[in-house]
Amino acid sequence: MRWLMLLLCASGLAFAQARLTFTPDHGPVGTRVEARAAGLPPGATLEFVWFSAEARWVVENALYLGVKAGETKTPVLKVTADAQGQAAFSFVVPEDYGYVHNTALVAGDKEVARQGFVVVPQLTLSPTSGPLGTPITVKVTGLGYRFYERGRHLYYDQKYTGWLTAISTKGTAVATVRAAGEVGPHLLELINGPRRGYLNGEQSPNYIPAIPYRTGAVFTLTPGPAVLPPDPASQAFAREPAPPASGAGPRLGADFASGTVGSLINLLGQGFPANAPVALSYRSVRGNRVGGGGWEEAEVPLGTFAADAQGQLRLTLPTPDDLEGERVFTARSGEVQARFTYRITPSVASFGPSPVRPGGELRLNLKGTGWTGTGNIYTLVLDNSYLGYACGFNTRGDITVYLTAPLQPGWHYLDLYPSIYEGKSDAPTATTTNDHFQLPMLHHQDHPGERLPAFHLAFEVR
Amino acid sequence: MRSIFVWMAACFSLTALAAPKYFIQADVVRGSAGAQGAVCVANSVFFPGEQVVWRAVVFDLATQARLSEEQIKQLGLAVTVTLENGANLNMRYGPHPPDPNAPKREAFWSTSYQIPADAPVGTLKWSMTAKDKDGNTGAFTPIGQDVGLAVLTIAKAQAAAPQAAAADGQALYGQYCASCHQANGQGLAGAFPPLAGSRVVTGDAAYLARVVLFGLQGPITVRGQNYDGNMPAFGSLSDAQVAAILTYVRSAWGNAAGAVSAATVQAERAKPGSPQDNHAKYPK
């Protein structure tokens, strides 16, 4: 359709008249930039403003809805033009989202000059060598927040590992993967793309030449004893102490406000009728996203217990074998009732055997996994290669996975990451094949919705 | 040829204008003037010197029917693109292609913006409005601008080369240079000068970078042989790619000059240059 353009006439466009230039005009977080401006009002004091965004994941009613970002304009420094209307200053690229940022010199509410700066994503590994199982910290600065800029996919020796995002962390993602494979160099490569690496990004309508679609770094695996992860139990979230139940009326409290399935809760109810029966229950969710029946909230009875002569109820009970999330416990005696909110957190209940014979069966059991569109699955990564995902909604937080052990003897590493199961795509092209679902979120601290732990396991094939 | 707008079908949005009468489907494509990539394809990132083209069709909201040329005239319809900086671009309605004998023709609204070479880079929001002589309106805002999507970005064309490519000057030489200067750097007698043993190649790195970036036209003498050719400019290569090529040719085939940095190339790229200027400054 080249002919079309012959008909079209160029149109004038009024950019601000003063000129603002940067050297360099792109670079990673921390780059020192020399700025020069000309054509400014002589002697004027202006504000140098950095445009960015306040971005956040949006999850409403257990449904993933993408990212929302409101524009921000942050004054960085004041600049005074000389008698010739020129100014020179410098600034350091802040730790912020990557890709294109507008900047401007502003006098009052008037934009005098505008120029963009491209924040380039940067990958660093630490350490860069070590024996099998060495935790490798993968740090990426300058990740974006816009749909096609918000993630980079990590490939370990060309095997898909997962993706890194930094919506809630202003463009900086940190993940830990374990050195896997044979002694020698291993390539860790980040490739841009919405769902997987988009391999011809340079031909994308969104391609910005200053930003490489691929960045890579090498980790050298050295001989030596395998480094093993800590006990899985220690990788669950630490239990949070509960605030004391206060007030004069009926109240319910506990020693902890969170815990993994089976961890003990010492409940203390007060203000109930003396020696009266007290029914205890908690609220959960039942259903799935597969059968078509949807889901609904359900009250789960725990039994009826007797208050003592002082109207107190003292109980020790295990954290229910149920779904991750806030569970509201209710103690009720006639018209008297009190509530207490407790969070069930995910845990690895069992994994093994180790050692396992080549090709033997491994069994993984998780408890307390979630149910929402962002919390109901865990993704599995074996030796930095993505295997698939497992869902625990229909099984009330229980995930049991059977795996075939690799044929190669030695230590192997299984990592479990939170993910986004499904939701409403915010892709600008409105295609569901373009979204970020069921991918291991290696920077799991940036997971939308629930805060969920990652788990790092190991087993020996022998 | 309604299909060209199909991809945008889910992207139109009606703004808060009171009782819109029209809805608009629109897209943005790269125009031919100054194009540094495929033309007439949907595009979001444009380079200075390129042409941004907006295309649109307008529908009657009540009937869902696309307005014909006759209806547009009767309604006195005007369609305008408004950019974030306040600039307005009036669209024109007409058939494309202009050749009345073309096998397929379609009429739609279009306008363009030629990005100046010195335009600031950055994101630029835009919207489109339609208004008839009675004040009835319709509007189009690209989806996602309100949540931070950069629908239109002006970016510098200079490339940060893929790391692997930048490191491999020999491969780049083979791709871009060897067809003329030959893989052995000996050129073709009388047609393409040799790079092996060339004092220009092993001389001033900045000048050599300018030859690659801007080309060279006119008679020269290399190793006692006269050439009168026209070397094209390779300014589309990134600084890192040019640096890798130059580093390679300065160290291959017995040449023994120093490496060339991307910064050197970047500095030379920033200066004006032309094949004629390079010839005028060709080392005597």
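Small disclaimer: the values here were computed from a predicted structure and weren't measured. (Residues numbered from 1 in each chain as written. Chains lettered and ligands numbered in written order. Predicted model: local features only at pLDDT ≥ 70, side-chain atom pairs only at ≥ 80, totals over all residues. Heavy atoms only, no water.)

Undergrad: Give me the confidence of the model for chain B: which residues, what numbers.
TA: Residue and element names in this part refer to chain B. This prediction gives chain B a mean pLDDT of 82; 87% of its residues lie at or above 70. Taken element by element, the predicted model of chain B shows its lowest mean pLDDT in helix H2 (residues 163-166) (40) and its highest in helix H1 (residues 69-75) (95). In this model, residues 1-17 is a region of pLDDT below 50 whose contacts with residues beyond four sequence positions or in other chains number 45 contacts. With pLDDT under 50 throughout, residues 159-167 is counted as low confidence; its partners more than four residues away or in other chains account for 18 contacts. The ipTM assigned to the predicted complex is 0.72, against a pTM of 0.76. (pLDDT = per-residue confidence, 0-100. Helix = DSSP H or I, 4+ residues; strand = E, 2+ residues; numbered from the N terminus. Contact = heavy atoms within 4.5 Å.)

Undergrad: Give me the lowdown on the pattern of salt bridges, citing residues and values where you can.
TA: This model, assessed by the stated rule, comprises 27 salt bridges over all chains. The partner of Glu297(A) in a salt bridge is Arg283(A), with the nearest N and O atoms 3.2 Å apart. Of the two residues, Glu297(A) sits in strand E21 (residues 295-306) while Arg283(A) sits in strand E20 (residues 277-287), which places them 14 residues apart along the sequence. Taking the relative accessible area as the measure of exposure, Glu297(A) reaches 51% and is therefore exposed. Between Arg66(B) and Glu106(B) there is a salt bridge; the shortest N-O distance is 2.8 Å. (Salt bridge = Lys/Arg side-chain N within 4 Å of Asp/Glu carboxyl O. Buried < 20%, exposed > 50% of the residue type's maximum accessible area, 1.4 Å probe, protein only.)

Undergrad: Give me the lowdown on the pairing of strand E23 (residues 325-333) of chain A, citing residues and values where you can.
TA: Residue and element names in this part refer to chain A. Sheet analysis places E20 next to E23, joined by 4 bridges and oriented antiparallel. Considered in E23, the bridge of Leu 280 is made with Ala 331. Relative to strand E24 (residues 336-345), E23 runs antiparallel, the two being bridged by 9 bridges. Note that in E24 the partner of Arg 327 across the bridge is Tyr 342. Counted along the chain from E23 to the antiparallel partner E24, the turn is 2 residues long, and its residue Gly 334 has a positive phi close to 60°. (Pairing = 2+ DSSP bridges.)

Undergrad: Describe the sheet that holds strand E3 (residues 51-60) of chain B, and please don't skip the residues or the numbers.
TA: Residue and element names in this part refer to chain B. Taken in spatial order, the 8 strands make up an open sheet running E5-E4-E9-E10-E1-E3-E7-E6, and their pairing is mixed. Either end of the sheet is taken by a strand with one partner, and the two such strands are strand E5 (88-90) and strand E6 (92-96). Each strand axis lies, on average, 30° off the axis of its neighbour in the sheet, ignoring direction. With 9 bridges joining them, strand E1 (residues 22-30) and E3 adopt antiparallel strand pairing. When the bridges of E3 are listed, Arg 30 appears paired with Val 52. (Axes fitted to C-alpha atoms, helices over the stretch in contact; angles between N-to-C directions.)

Undergrad: How would you sum up the packing of helix H6 (residues 239-249) of chain B against helix H7 (residues 262-269) of chain B? Please name residues and give values.
TA: Residues and elements named next belong to chain B. One way to put it is that H6 packs onto H7 with a least axis distance of 8 Å and a crossing angle of 115°. The element H6 and its partner H7 pack so that their crossing is right-handed. Each of Asp 239, Ala 240, Val 242 and Ala 243 in H6 lies in contact with H7, whose residues at this interface are Ala 262, Val 265, Gln 266 and Arg 269. Considering only residue class, the contact of H6 with H7 consists of 5 nonpolar, 1 polar and 2 charged. (Left-handed = near helix turned anticlockwise from the far one by under 90°. Nonpolar A, V, L, I, M, F, W, Y, C, P; charged D, E, K, R; others polar.)

Undergrad: I'd like a description of unusual backbone geometry, backed by residues and values.
TA: All names here are of chain A. The omega torsion across Ser 126 and Pro 127 is -10°, close enough to zero to call that bond cis. On the secondary structure map, Pro 127 appears in the loop between strand E9 (122-126) and strand E10 (129-130). Cis peptide bonds are those with omega within 30 degrees of zero, and the linkage from Gly 352 to Pro 353 qualifies with 0°. The residue Pro 353 is located in the loop between strand E25 (347-352) and strand E26 (361-367) in this model. One non-glycine residue with positive phi stands out, namely Tyr 99, at about 75°. Structurally, Tyr 99 is set in strand E7 (residues 99-107). Even without being glycine, Asn 384 reaches a positive phi, approximately 65°. Mapped onto the fold, Asn 384 is located in the loop between strand E27 (377-382) and strand E28 (385-391). Its relative accessible area of 1% is what places Asn 384 among the buried residues.

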